[in-house]
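Residues per chain are reported as follows:
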Amino acid sequence: MTIKEKQETIIDEFSMFDDWMDKYAYLIELGKDLPLINEQYKTKRYLISGCQSRVWLHAQMQDGKMILTADSDAVITKGIVSLLIRVLSGQTPYDILKTDLVFPKKIGLSDHLSPTRANGLQSMIKQIQLYAQAFILKSLKK
Amino acid sequence: MTIKEKQETIIDEFSMFDDWMDKYAYLIELGKDLPLINEQYKTKRYLISGCQSRVWLHAQMQDGKMILTADSDAVITKGIVSLLIRVLSGQTPYDILKTDLVFPKKIGLSDHLSPTRANGLQSMIKQIQLYAQAFILKSLKK
Amino acid sequence: MNFNIEIIRNDFPILNQKVNGKPLVYLDNAATTQKPVQVINRIKQYYEIENSNVHRGVHKLSQIATEKYEQARKYISGFINAKSENEIIFTKGTTDSINILASTFADFVNERDEILVSEMEHHSNLVPWQQLCKKKNANLKVIPVLENGEIDLVGLPSLITPKTKLLAIAHVSNVLGTINPIKEIVKLAHNKNVPVLVDGAQAIAHLPADVQVLDCDFYAFSGHKAYGPMGAGVLYGKEEWLNKLPPYQFGGEMVDSVSFEETIFNVLPYKYEAGTPNVAGALGIEAALKYIESNTIDAIQAYEDDLLEYATSELKKINGIRIVGEAKNKTAVLSCIVEGIHPYDIGTLLDQMGVAVRTGHHCAQPLIDSFGLPGTLRASLAMYNNKEDINAFVSATQKAVNMLK
Amino acid sequence: MNFNIEIIRNDFPILNQKVNGKPLVYLDNAATTQKPVQVINRIKQYYEIENSNVHRGVHKLSQIATEKYEQARKYISGFINAKSENEIIFTKGTTDSINILASTFADFVNERDEILVSEMEHHSNLVPWQQLCKKKNANLKVIPVLENGEIDLVGLPSLITPKTKLLAIAHVSNVLGTINPIKEIVKLAHNKNVPVLVDGAQAIAHLPADVQVLDCDFYAFSGHKAYGPMGAGVLYGKEEWLNKLPPYQFGGEMVDSVSFEETIFNVLPYKYEAGTPNVAGALGIEAALKYIESNTIDAIQAYEDDLLEYATSELKKINGIRIVGEAKNKTAVLSCIVEGIHPYDIGTLLDQMGVAVRTGHHCAQPLIDSFGLPGTLRASLAMYNNKEDINAFVSATQKAVNMLK
Ligand SMILES: Cc1ncc(COP(=O)(O)O)c(C=O)c1O
Ligand SMILES: Cc1ncc(COP(=O)(O)O)c(C=O)c1O
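Remember, it's a predicted structure, so these values are computed and weren't measured experimentally.

The number of helices and strands found in chain A is six helices and two strands. Taken from the N to the C terminus, the helices and strands of chain A come in the order α-α-β-β-α-α-α-α. On C-alpha atoms alone, chain A measures out to a radius of gyration of 15 Å, which is about the 14 Å that the 2.2 N^0.38 rule sets for 142 residues. Taken along the three principal axes of its C-alpha coordinates, chain A extends 50 × 30 × 25 Å.

This is the structure:
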C-alpha cells in the first residue's frame with residue numbers, strides 16, 4: 001500500500017467512531033498493540049526530545065525501505081506513534097520525505113494532535129524525516 | 001519671618017492670580033529676579049541631579065542661619081528655586097529640617113510642582129535638607 | 001469572613017468558557033492564574049486614558065502615568081511589608097528576577113565557593129545558580145527533600161559552610177505544595193552570614209508573604225501567578241544588598257548621566273529598571289494584589305486549605321493512586337500518580353472532559369527524577385476554584401483511569 | 001489610499017482626553033505611542049477567553065494560547081521579513097533586546113577590540129556597549145554626526161578596522177529624526193565581516209523595516225513605540241548568529257533537560273525565552289503591527305512626511321527658532337530650540353496649553369552635548385496626528401516664547 005492509501009485506511013477506521021471516548025479507547029488499544037522495539041534501542045540516543053512522555057524511535061534500512069520501530073512510556077503516545085509507523089514504516093526514504101501527512105487532521109483528533117501540543121507528534125515526524133534524509137545521503141555517498 | 005509666615009505670604013501672592021498664565025508670568029518674573037549665585041559655585045559639584053534643567057545650589061552658614069543661593073538655566077526653574085530660597089534661606093538648619101513645605105501645593109501649581117515632575121523640586125528640597133543635616137552634624141562635632 | 005466564592009467566580013470572565021463542549025474546570029493555576037475583571041479593566045483603563053512614558057516627561061499624561069506607576073510600587077511594597085519602596089524592582093517575572101540576582105551576584109562568588117539550593121527547586125531557581133557556579137568554578141550544593149516532600153531541615157545546618165555565599169529556596173514548591181519553613185531557614189543562614197533568596201512564585205497568591213517577618217534578603221514573584229498580567233513581576237531586595245550589587249541592564253531610566261567616557265547610574269529602584277518600564281504591568285500587579293487584599297489572604301488560605309484537603313481525600317478513593325508530596329505544611333498544589341499509568345495519558349483524557357491540569361516534570365526535573373517518577377498529574381488551586389471543580393476533576397480522573405487500566 | 005485620518009483618530013480612545021481643560025494634543029510619540037482599540041481589545045480578549053501558560057500544557061486552553069503566541073511570532077517574522085520565525089525573540093523592549101545582545105556577545109569581544117556606535121545613539125544603544133567595552137578592556141569608537149544631523153558616511157569606512165567586532169546604530173534617531181542609510185552601512189560593515197545591530201525603536205512604526213533588504217544581523221524594537229503594549233519587544237537575529245551566541249537567562253522554557261550536574265538548552269527561539277513569556281504582550285504587538293498593516297506603512301510614511309514638512313515650515317515662522325536635525329532623509333521627529341530660552345520652559349508652558357511634547361536630552365546626552373545644547377524641544381508624530389495638532393503646537397509654542405522672551 002502507498003502512504004496515501006494507508007492514511008485513507010486510518011481515516012476510514014476512525015470515521016466509525018463518533019465520540020472522543022471511542023477514538024481514544026481505540027488509540028489506547030493501538031498503543032497496547034504496538035510491536036515492541038528492540039530493548040537495545042531504548043536508550044538516550046533514540047529518545048525524541050520535546051515530548052511529555054518518553055518516546056524512543058529506531059529506523060533502519062531493509063531492501064531500500066525504512067523500517068521503523070518505537071516505544072513510549074505513555075500509552076496514548078504509543079497509539080499515536082503506532083499510527084505513524086503504520087503509515088511510514090516500509091516506505092522508501094524518498095516517499096517519506098515527499099509525503100503530506102494529512103491523517104492526524106482528518107481523524108478528528110486534530111485538536112489533540114496539533115503541532116503545538118506537548119504530545120511530540122511534530123518532533124516524531126521531524127525525527128523520521130531526519131532519518132530519511134540521513135539514509136538518502138548515505139546511499140548517495142556509496 | 002518664620003518659615004510658616006513666609007509660606008503664607010507666597011500663598012497670598014499667588015492667590016491673586018486666577019489663571020495659569022498669570023501665575024507662570026509671575027514665576028518667570030521671579031526667576032528673572034533671582035539674586036545671582038557666585039559664579040564659582042556654578043560647577044558640577046553644586047549641580048542637583050534629577051532636574052531637566054541644570055540647577056546649581058549653594059549653602060553656607062552665617063550666624064547659625066543657612067544662606068542659600070542658586071541658579072538654573074531654565075527661568076521657570078529659577079522661579080521655583082527662588083520661592084524655595086525665599087522660604088528657607090536665613091533659617092536655622094533645625095527649622096529647615098522640621099518644616100512642612102506646603103506652599104507648592106497651595107499656590108495652585110501643585111500639579112506642576114508635583115514631586116514626580118521632571119522639574120526637580122523634590123531633588124532641590126532633598127539637597128537643601130542634606131545641607132541642613134550636614135551643618136548640624138558639623139556643629140555637633142565641634 | 002468576607003470571602004464569597006460566588007461573587008469571586010463572577011469576577012473571572014474566563015470561567016464561563018466551554019472546553020470541548022464542557023464547562024471549563026481550570027486547575028492549572030500553578031502555571032498561571034486567570035484574571036479578574038478588576039485587573040483586566042485596570043489595564044484597559046490605563047491604555048484608554050492614562051498611557052504615557054514615565055519619569056522624564058514635562059507633560060501631564062506623563063506625570064499621571066509616573067504617579068500611578070510609583071503608587072503601584074508603593075502598594076506592592078506595603079503588600080509584602082518591605083521597608084521602603086526602593087526595595088521593589090519591577091521585572092518581567094520570577095525567572096527574570098532570579099536571573100537578575102544571579103547575574104549581579106556573580107561578583108560575590110569565587111572559585112570553590114558554594115551556592116545552596118533545595119532539591120525541589122523550579123528550573124528557574126536552579127539553572128541560574130548552576131550556570132553561575134559553572135562560570136565561577138563554584139559548587140552547587142543541594143538540600144535534600146524527604147520522602148514526604150519536606151526539606152531535610154535537620155541536615156541543613158551542616159550544609160551551610162563558611163564557603164556558602166547564598167541560599168536560594170522556594171517559599172512553596174510548585175510540584176509538592178510544600179510550604180518551606182523560610183523563617184527558620186533564614187535564621188540558620190543568617191547565623192552564618194549567608195543571604196537568602198526566596199522564590200515566592202507559588203506563595204504570593206496563597207499565603208502571607210511578609211519579607212520583614214521572613215527576614216529574607218531577596219524575594220521574587222510573578223504577577224501572572226497571582227491574578228495579575230503576564231510579563232510583569234517583582235524582585236524585592238533589602239536596600240543594603242541592592243545598593244551593593246552592580247546594575248544589570250543598561251540604558252534609559254537607569255542612567256543618571258552619560259558621556260562617551262563614562263556613565264553614572266541612577267539610584268534605587270531605577271538602577272535596575274533600564275528602558276521604558278511596563279507601566280500597565282505594574283498597575284496590573286497592583287490591581288491583582290488589591291483584589292487579593294479585598295478577599296484577605298488569610299481567608300483565601302483557609303478556603304484553599306479546605307479545598308485541598310477535600311480534593312486529597314476524594315482523590316485517594318481512586319484505586320492505585322498515590323499523592324506526591326504530603327508535607328504537614330502544604331498549600332494549593334496537589335500532585336499524584338496512578339500506578340502503572342503515565343500521567344500524560346490521564347492529563348490528555350482529562351482535557352477531553354474539560355478539566356485543565358498539568359502533567360510532566362513541572363520544570364522541576366531533578367525533583368521528579370529523585371522521586372523516580374515519569375512526572376506527576378498536578379491539580380493546582382486558586383481562590384475561584386470550588387468543590388464542583390474538585391468533583392469534576394476526581395470523577396474525570398476515575399474515568400480516565402478506567403479507560404487506561 | 002486607504003488612509004483615513006478621521007477613522008484612525010476614532011480608533012484611539014485617549015485622544016478624547018482633556019488635559020488642563022484643553023483637548024489633548026499628543027506629540028510625544030517617540031517616547032511612547034497611544035494604543036488603538038484593536039490592540040486594547042486584543043489584550044482584553046486574551047485575558048477574558050484565552051489566557052493560559054504556553055507550550056508544556058496538555059489542555060486545550062494551553063494549546064490555544066500556544067498557537068496564538070506562535071502565530072504572533074510568525075506574523076511579526078513576516079512583518080519584518082525575517083527568514084524564519086526562529087529569528088524572532090520576544091523581549092521586554094528595545095533596551096532589553098540590546099542588552100541581551102551585548103551580554104551574549106561578550107564572548108566575541110577581546111581586549112583592544114572595538115565596538116562602533118554612532119554619536120546619535122540613545123543611551124540604550126550606547127551604555128550597554130560602553131559597559132561591555134569597559135568589562136573587556138575594549139574600545140568604544142564613535143561615528144560622528146554632522147551639523148545637519150546625518151552621520152559621517154564618508155568617514156565611516158576608515159572607522160571599521162580589523163579590530164571592529166560589531167557596529168550598533170539607530171535606524172532612526174529619536175532626537176534628530178534622521179533615517180540612517182542602514183543598507184549602505186551594513187554593506188560597508190559586512191565587507192569587513194563586521195555584524196550590524198540596528199536599533200529600530202523609532203523606525204518600526206514609521207517606515208518599512210525589511211531585515212532581508214537591510215541585511216542587518218540584528219534588529220531591535222519595542223511594542224509600545226508602535227501602537228503596541230508596554231513590556232514587550234523583539235530582538236531579531238539571523239539564525240546563524242543566534243545559534244552561535246550563548247543563552248542569556250536561565251530557567252523554564254529555555255531548558256530542554258536538567259539535572260543537578262548539567263543542563264541542556266532548548267533550540268531557537270526558546271533558547272532566549274526563559275520563564276513564562278508575555279503572551280498578552282506578543283499578541284498585543286501582533287495586533288499593533290496588523291493595525292499598521294491595515295493602513296499600510298507606505299501610506300503612513302507619506303502622511304507623516306507631509307505632516308513633518310508642514311510642522312517644520314510652520315515652526316520656522318517663530319522668531320529665533322532653530323530646527324535641530326535637518327537630514328535629507330528624516331521622519332516623524334522634530335527637534336528645535338529657541339534662542340535664549342531653555343526648552344524645559346517652553347515644554348512646561350506647552351503642557352499648560354494641553355500640548356504634550358518632550359524636552360531634554362531624550363536619553364541621547366552625548367549627542368545633545370556635542371551640539372552644545374541644553375536639550376531640545378521635541379515634537380514627535382504618529383499616524384493619528386493631524387494638522388490641527390501641529391497648529392495647536394505651533395501657536396502654543398509662539399505663545400510660550402512670547403511669555404518667556
Ligand atoms: C532610538 C531609541 N532606542 C532605544 C530606545 C529604548 O526603548 P525602550 O525604552 O522601549 O526599551 C528608545 C526609546 O526611547 C529610542 O528612541
Ligand atoms: C516555584 C516557581 N518558581 C519560578 C517559576 C517561574 O515563574 P515565571 O515563569 O513566571 O518566571 C515558577 C513558575 O512556573 C514556579 O512555580
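That was the structure; now back to the text.
Let us look at the domain arrangement of chain C. Residue and element names in this part refer to chain C. Looking at chain C, the domain boundaries give domain 1 (5–30 + 296–404) and domain 2 (40–293). Distance between the C-alpha centres of domain 1 and domain 2: 28 Å. Across the contact, 37 residues belong to domain 1 and 32 residues belong to domain 2. Of the roughly 2800 Å² buried at the junction of domain 1 and domain 2 (both faces included), carbon and sulfur atoms supply 59%. It is I297, C363 and L367 in domain 1 that bury the most area against domain 2; as a group they hold 20% of the surface buried on that side. For K328, the salt bridge is made with E150, and the minimal N-O distance between the two is 3.7 Å. For the pair domain 1 and domain 2, the number of links is 18 residue pairs in polar contact (both at pLDDT 80 or more). Among the residues forming the side of domain 1 that touches domain 2, the class breakdown is 20 nonpolar, 10 polar and seven charged.

So, on to the packing of aromatic side chains. Two measures describe an aromatic ring pair: the distance that separates the ring centres and the angle between the ring planes. Enumeration according to the criterion identifies 41 aromatic pairs over all chains in this entry. Ring centres of Y41(B) and Y46(B) lie 5.2 Å apart, and the angle between their planes is 70 degrees; on these two criteria the pair is classed as edge-to-face. On the basis of an interplanar angle of 50 degrees and a centroid distance of 5.9 Å, the ring pair of F218(D) and W241(D) is categorised as tilted. Of this pair, F218(D) sits in strand β9 (residues 218–222) while W241(D) is found in helix α9 (residues 239–244), placing the two residues 23 residues apart along the sequence. Considered together, F218(D) and W241(D) belong to a single accessibility category, that of buried residues. The structure contains a cluster of three or more aromatic residues connected by ring pairs, namely F12(C), Y227(C), Y291(C) and Y384(C). Across from the ring centre of W241(C), 4.1 Å away, lies the NZ or CZ of K244(C), which sits over that ring. When the ring centre of Y75(C) is taken as reference, the NZ or CZ atom of K290(C) above it lies at 5.2 Å.

Residues and elements named next belong to chain D. Looking at where N174 falls in the secondary structure, it is placed in the loop between β7 (164–170) and α7 (182–191). Since its relative accessible area comes to 6%, N174 is described here as buried. A polar atom in the side chain of N174 sits 2.9 Å from the backbone oxygen of H362. Apart from residues no more than four positions distant in its own chain, N174 is found in contact with H122, Q202, V333, H362, A364 and R378.

Another point: the sheet that holds strand β5 (residues 114–118) of chain D. Residue and element names in this part refer to chain D. As summarised here, the arrangement of the seven strands in space is β4-β10-β9-β8-β7-β5-β6, forming an open sheet in which the pairing is mixed. Because the sheet does not close on itself, it has two edges, and the strands there are β4 (88–91) and β6 (139–143). Each neighbouring strand pair of the sheet contributes to a mean axis angle of 20 degrees, computed without reference to strand direction. Relative to strand β10 (residues 233–237), β9 runs antiparallel, the two being bridged by five bridges.

The local shell around ligand 2 holds 13 residues, among which T95(C), D199(C), S222(C), K225(C) and T276(D) are the closest. Flanking ligand 2 are residues from chains C and D. Between ligand 2 and T95(C), the relevant distance is 2.5 Å, taken from an oxygen atom to a side-chain nitrogen or oxygen of the residue. In this structure, H224(C) approaches ligand 2 through a side-chain N or O atom, which is 2.7 Å from an oxygen atom.

Another point: the packing of helix α2 (residues 37–50) of chain D against helix α10 (residues 279–295) of chain D. Residue and element names in this part refer to chain D. The contact between α2 and α10 brings their axes to 8 Å, and the two run at 145 degrees. The element α2 and its partner α10 pack so that their crossing is right-handed. Along its contact with α2, which presents Q38, V39, R42, I43, Y46, Y47 and E50, the element α10 presents V279, A280, L283, G284, A287, A288 and Y291. Of the residues in the contact of α2 with α10, the class split is 10 nonpolar, two polar and two charged.

What follows covers unusual backbone geometry. Residue and element names in this part refer to chain C. Cis geometry is found at the peptide bond from L268 to P269, where omega equals -5 degrees. You can see P269 is positioned in the loop between β12 (263–265) and α10 (279–295). For D215, which is not glycine, the phi dihedral falls at a positive 65 degrees. Within the secondary structure, D215 is located in the loop between α8 (211–214) and β9 (218–222).

Moving on to the site of ligand 1. In the vicinity of ligand 1, 13 residues are found, and the nearest of them are T276(C), T95(D), D199(D), S222(D) and K225(D). Looking at what sits near ligand 1, you find residues from chains C and D. In the model, an oxygen atom of ligand 1 is placed 2.5 Å from a nitrogen or oxygen of the T95(D) side chain. The side chain of K225(D) places a nitrogen or oxygen atom 2.6 Å from an oxygen atom of ligand 1. For ligand 1, the protein covers 94% of the area, taking 390 Å² as the surface of the free molecule. Here the residues of the shell around ligand 1 are counted per class, giving one nonpolar, 10 polar and two charged.

Let us look at the pattern of salt bridges. Residue and element names in this part refer to chain A. Taken as a whole and assessed by the stated rule, the structure comprises 52 salt bridges over all chains. Two residues, K42 and D71, come together in a salt bridge whose shortest N-O distance is 2.9 Å. In this pair, K42 is assigned in the loop between α2 (20–33) and β1 (55–62) and D71 in strand β2 (residues 65–72), connecting sequence segments 29 residues apart. Exposure remark for D71: the relative accessible area of 5% places this residue in the buried category.

So, on to the pairing of strand β11 (residues 255–258) of chain C. Across a regular strand the side chains alternate sides, sitting on one face of the sheet and then on the other. Residues and elements named next belong to chain C. Here β11 runs beside β12; their pairing, made up of three bridges, is antiparallel. Counterpart to V258 in the pairing with β12 is T263. Between β11 and β12, which follow one another and run antiparallel, lie four residues.

Further remarks concern a nonpolar patch on the surface. Residues and elements named next belong to chain A. Together, Y94, L137 and L140 give the surface a local cluster of nonpolar side chains, amounting to about 350 Å² of exposed area. Along the chain, L140 turns up in helix α6 (residues 121–141). We classify L140 as exposed; its relative accessible area is 58%.

Now for the interface of chain C and chain D. Counting residues at the interface gives 90 residues for chain C and 91 residues for chain D. Each partner contributes to the roughly 6900 Å² buried at the junction of chain C and chain D, and carbon and sulfur atoms together form 60% of this total. Seen at the junction of chain C and chain D, the total is two salt bridges. Remark: the boundary between chain C and chain D carries 34 residue pairs in polar contact (both at pLDDT 80 or more). Per-element tally for the side of chain C that touches chain D: the top contributor is helix α2 (residues 37–50) of chain C, with nine residues. Residues belonging to the side of chain C that touches chain D are distributed by class as follows: 37 nonpolar, 36 polar and 17 charged.

Quick notes on the rules
- Residues numbered from 1 in each chain as written.
- Chains lettered and ligands numbered in written order.
- Predicted model: local features only at pLDDT ≥ 70, side-chain atom pairs only at ≥ 80, totals over all residues.
- Heavy atoms only, no water.
- Helix = DSSP H or I, 4+ residues; strand = E, 2+ residues; numbered from the N terminus.
- Rg over C-alpha atoms; globule rule 2.2 N^0.38 Å.
- Domains from an automatic or database assignment.
- Contact = heavy atoms within 4.5 Å.
- Buried area = accessible area lost by both parts, 1.4 Å probe.
- Salt bridge = Lys/Arg side-chain N within 4 Å of Asp/Glu carboxyl O.
- Polar contact = N/O pair within 3.5 Å; in protein donor to acceptor, adjacent residues only side chain to side chain.
- Nonpolar A, V, L, I, M, F, W, Y, C, P; charged D, E, K, R; others polar.
- Phe/Tyr/Trp six-rings, centres within 6.5 Å; stacked < 30°, edge-to-face > 60°.
- Buried < 20%, exposed > 50% of the residue type's maximum accessible area, 1.4 Å probe, protein only.
- Lys NZ or Arg CZ within 6 Å of the ring centre and 35° of its normal.
- Pairing = 2+ DSSP bridges.
- Axes fitted to C-alpha atoms, helices over the stretch in contact; angles between N-to-C directions.
- Near = heavy atom within 4 Å.
- Left-handed = near helix turned anticlockwise from the far one by under 90°.
- Areas by Shrake-Rupley, 256 points an atom, 1.4 Å probe, with all protein chains shown as cover.
- Patch = residues over 30% accessible without salt bridge, like charges linked within 9 Å, V, L, I, M, F, W, Y side chains within 5 Å.

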